[in-house]
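Structural characterization, general
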Amino acid sequence: MERIKTTIPHAQLEISRSAVLNNYRYYRSKLDPGTKMLVVVKANSYGHGATEFAKLLEEAGVDYLGVATPLEGIRLRKDGIKLPILVLTTGTESYPEIIEYDLEPGIPTMEALKRFSEEVAKSGRSGYPVHITLDTGMHRLGFVQQELDSLIAFLKIGKNLKVKSLYSHLAAADEYVHDDFTRGQIALFEQMSERLSASFGYRPLRHILNTAGIERFTEFQMDMVRLGLGILFDEGLKLRGITGHGGIFKTPGVGQRMLAAALNSPISVMETAGEGGAWGIALLAGYVVNNPNKLSLADYLETVVFAGNTGTSIAPTAEDVAGFERYIENYKRCLPVEQCAVDHKA
């Protein structure tokens, strides 16, 4: 294991346009012709450039884009993206900006619904599209069954909103040991969404499948699916290096060595690596609101955030890489044991 003190650049990726489009076509090929596709480009399209990805997807014929925050959606609108954009996590304080930039909010609570309805009324608009989040088992966000009566009653009174879609999040669609739970989520979603649609007098779009769901539960594609990281699988990425910050990287050397072996790539850590997620969120917010020269994220990181920072870099060793690969193989061999335990639980 070699540790090198160096001036650290940010992670650099080379992305194959044709490979991304091939991935999009692969997932599209699994769907019925009338099924819509939403592609999630949150977190700057997972660090790959949200605007660039959005333009590529717009050309390819994607129906919807999904972002995590209003700021991400606003950035896309300012960069000329015309596709409908679903904001998965809005925060009530951003509702005026959501309306100004024609973004479509995910609504997870009665409080949020009432607040957004008030803001739409102030704007003088009617029939504004909203997306209702239903909690079917992830227990993170969304209306539960016991709240449907209140939801129906409110939407019957208010005429300034129109439910564009009903959706929910699968908690474990990629883990076959939890398939019974996943099917239970889908069944509950169908029950809740049918009840709501019957009360509206029209049928909003319904979507519950994520990337793993598209692969494993295609028969439940309904009206739309949400493709996330799957758009990046096998895309021909060439990883030159990664800069870690916060979390396990606070302990010198340990996290770097583990990740270097897992990714077979040099891992660098800045001397300022004392904070984790909050720092990263603040960085992205700064990029959106404090970037007068409209630098790309890559240039912003290079010339503003990481300029002059020093730290340590650890390159992977052949022994560590081989050891990690053996660990993964052993992990896979033990999965049938876990399945057996689930199948025979008391």
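The rules behind the values
Residues numbered from 1 in each chain as written. Predicted model: local features only at pLDDT ≥ 70, side-chain atom pairs only at ≥ 80, totals over all residues. Heavy atoms only, no water. pLDDT = per-residue confidence, 0-100. Helix = DSSP H or I, 4+ residues; strand = E, 2+ residues; numbered from the N terminus. Contact = heavy atoms within 4.5 Å. Buried < 20%, exposed > 50% of the residue type's maximum accessible area, 1.4 Å probe, protein only. Pairing = 2+ DSSP bridges. Right-handed = clockwise from strand over helix to strand, strands pointing away.

Things to note about the confidence of the model for the protein
- Confidence in the prediction of the protein, expressed as mean pLDDT, is 85, and 87% of residues score 70 or more.
- The secondary structure element of the protein with the lowest average pLDDT is strand β1 (residues 2–7), at 42, and the one with the highest is strand β9 (residues 205–207), at 98.
- Within the model, the stretch residues 1–8 combines pLDDT values under 50 with 34 contacts to residues more than four positions away or in other chains.

Topic: the side chain of S197
- Along the chain, the position of S197 falls in helix α8 (residues 179–200).
- In this structure S197 touches L166, Y202, R203 and P204, once residues within four positions along its chain are discounted.

Remarks on the pairing of strand β8 (residues 161–167)
- With 5 of 7 residues buried, β8 is to be regarded as a mostly interior element.
- With 6 bridges joining them, strand β7 (residues 128–133) and β8 adopt parallel strand pairing. Considered in β8, the bridge of I132 is made with L166.
- This β-α-β element, β7 to helix α7 (residues 148–157) to β8, shows right-handed connectivity.
- Pairing of β8 with β9 involves 3 bridges; the strand directions are parallel. Directly across from Y167, in β9, lies its bridge partner H207.
- You can see the chain leave β8, run along α8 and come back into β9, and the turn it takes is right-handed.

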